[in-house]
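# Coordinate inspection notes
Each chain, letter by letter, is given below.
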Amino acid sequence: MVPRSRSGRYARRVNERQRITERAAASYRALADLAESIEDEWQYVTDLGDAYEPSILALADANGGRPLEPEQVAAVEEAIAEIGLITDPHKAIDWLSTFPHVVALALGGDVDEPAGDGSRAPDNDSTEPDEDSPFRSLLRGDR
Amino acid sequence: MRFQDAARDARAVVYAGIQADPLVARAATLLAGATTAERLLARAAMNGERTEPDAWRRMFPTLFGEAASGEPRGHAELVLAASLEVAGRGEASRSQFRGAIVEELTARLLAARTGADAPVRRERRVLFDGVRAEIHPYDVTLESNTRPEVYDCKWGARGINADVLNQLDDARSHAADEDVNLRAAIVVLDVRRSCELRLDRSTANHAHTRLVALESLDELRETRP
């Protein structure tokens with residue numbers, strides 16, 4: 001029997017980050033589909049989806065892709081479960097704004113900027129968002 | 001330019017009952033002293049489907065997880081309890097409660113930096129010489145003789161619309177005609193990015209209207225530059 005390699009365990013934990021962000025993004029798309037039934041808000045719903053879905057996916061690289069703690073995974077699963085219960089499209093619109101930030105807070109990332117401009121962590125091992133990011137205050141817990 | 005109490009119609013009388021509910025004051029007090037993460041929790045839980053606190057505790061590990069303890073954890077628990085109480089009022093009432101809470105929160109944050117010479121008031125109109133009075137009152141006003149401010153308060157970015165933006169900009173513009181530097185702002189208990197997406201699509205003039213979003217609520221305490 002081949003012993004488990006450390007690099008294999010690392011890969012699985014990194015894949016967990018990718019798996020949970022892809023699940024979150026898929027749930028977000030489903031929420032947007034529900035919200036789209038409010039015709040007057042179609043443009044806003046589209047804008048939210050276009051802005052946030054790439055940012056949610058980019059959270060796979062947050063914190064330099066550092067492996068997640070179990071409570072981080074559980075937090076995102078709870079957020080996914082919560083939006084899965086929504087049947088009211090008006091409420092869905094509200095959650096299209098809230099959900100990405102709940103997920104980002106759990107994963108220690110940032111969805112305040114377009115993906116690629118600020119959401120992706122830099123190549124170094126920084127665990128902090130940019131100094132001027134509003135999300136920074138979420139992480140540091142300013143009162 | 002002068003401020004005036006708004007006439008009370010039937011809707012206003014009903015809404016006054018919501019505004020006077022002790023839950024509104026309790027939630028606003030907690031949110032005034034909350035972190036941004038706690039305010040995000042409040043927004044989520046007040047608009048949630050589930051009212052069991054454990055689900056929300058698991059959803060916010062930075063507030064309730066292994067690393068959270070002591071006074072910060074205690075405050076987050078109070079925010080969660082108040083938020084779930086709002087959600088528990090039912091779908092029909094919770095939106096009114098949420099709106100009233102944002103207004104009360106705004107008033108409390110503003111009151112932290114003002115005195116008797118600049119009272120913070122609610123549901124007030126602004127009258128200008130030769131200009132027809134607006135239909136809707138402002139949610140919160142800071143009635144300084146020298147640097148007055150008017151605020152419209154919204155629970156979510158979706159509440160940002162052309163009517164609100166036009167009214168705020170008109171007030172600023174009319175005040176300028178009278179050589180009064182009126183600050184017009186919209187306070188939204190929603191994240192800045194969503195508010196900006198909403199504003200980007202608006203054709204209403206809002207270049208001079210200040211946005212105070214969930215992440216920057218504490219700016220309301222700060223003295224106007």
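About the cut-offs
Residues numbered from 1 in each chain as written. Chains lettered and ligands numbered in written order. Predicted model: local features only at pLDDT ≥ 70, side-chain atom pairs only at ≥ 80, totals over all residues. Heavy atoms only, no water. Phe/Tyr/Trp six-rings, centres within 6.5 Å; stacked < 30°, edge-to-face > 60°. Helix = DSSP H or I, 4+ residues; strand = E, 2+ residues; numbered from the N terminus. Buried < 20%, exposed > 50% of the residue type's maximum accessible area, 1.4 Å probe, protein only. Lys NZ or Arg CZ within 6 Å of the ring centre and 35° of its normal. Expected span 1.5 Å × (residues − 1). Salt bridge = Lys/Arg side-chain N within 4 Å of Asp/Glu carboxyl O. Core = buried A, V, L, I, M, F, W, Y, C linked by side-chain atoms within 4.5 Å. Domains from an automatic or database assignment.

### Side note on the packing of aromatic side chains
Enumeration over the complete set of coordinates arrives at 3 aromatic pairs over all chains. With a centroid separation of 6.1 Å and an interplanar angle of 20 degrees, the aromatic rings of Tyr28 of chain A and Phe99 of chain A are classed as stacked. Of this pair, Tyr28 of chain A sits in helix H1 (residues 6-35) while Phe99 of chain A is found in helix H4 (residues 89-107), placing the two residues 71 residues apart along the sequence. Tyr28 of chain A sits in the buried class, given a relative accessible area of 1%. Look at Phe99 of chain A and you get buried, because its relative accessible area is 0%. Feature note: the residues Tyr28, Tyr52 and Phe99 of chain A constitute an aromatic cluster, connected by ring pairs. Above the plane of the ring of Tyr52 of chain A lies Arg193 of chain B, whose end atom (NZ or CZ) is 5.0 Å from the centre. Between Arg198 of chain B and the ring centre of Tyr44 of chain A, over which it is positioned, the NZ or CZ distance is 4.7 Å.

### Side note on helix H2 (residues 42-58) of chain A
Helical periodicity: at 3.6 residues per turn, an α-helix aligns residues three or four positions apart in one direction. Residues and elements named next belong to chain A. Here H2 spans 24 Å end to end across 17 residues, near enough to the 24 Å set by a 1.5 Å rise per residue. With 12 of 17 residues buried, H2 is to be regarded as a mostly interior element. Taken together, the buried positions of H2 are occupied by Tyr44, Val45, Thr46, Asp47, Leu48, Gly49, Ala51, Tyr52, Glu53, Ser55, Ile56 and Ala58.

### Side note on the pattern of salt bridges
In this structure the tally under the stated criterion is 34 salt bridges over all chains. Measuring nitrogen to oxygen at the nearest pair gives 2.8 Å for the salt bridge that ties Glu104 of chain B to Arg122 of chain B. Remark: Arg122 of chain B occurs in strand E2 (residues 120-127) and Glu104 of chain B occurs in helix H7 (residues 91-111); sequence separation between them is 18 residues. Residue classification places Glu104 of chain B among the buried positions, given a relative accessible area of 15%. Linked by salt bridges that have partners in common, Glu16, Arg19, Arg23 and Glu77 of chain A make up one network.

### Comments concerning the nonpolar core
Counting 108 residues, the largest nonpolar core has Phe99 of chain A together with Trp56 and Phe60 of chain B as the members making the most contacts within it. The biggest single contributor to this core is H4 of chain A, with 11 residues. In terms of domain composition, this core takes at least three residues from each of domain 1 (2-7 + 116-221) and domain 2 (10-98) of chain B.

### Quick word on helix H3 (residues 70-84) of chain A
Its 15 residues place the ends of H3 of chain A 21 Å apart at the C-alpha level, agreeing with the 21 Å of an ideal helix rising 1.5 Å per residue. All of the buried residues along H3 of chain A are Gln72, Val73, Ala75, Val76, Glu78, Ala79, Ile80, Glu82 and Ile83 of chain A.

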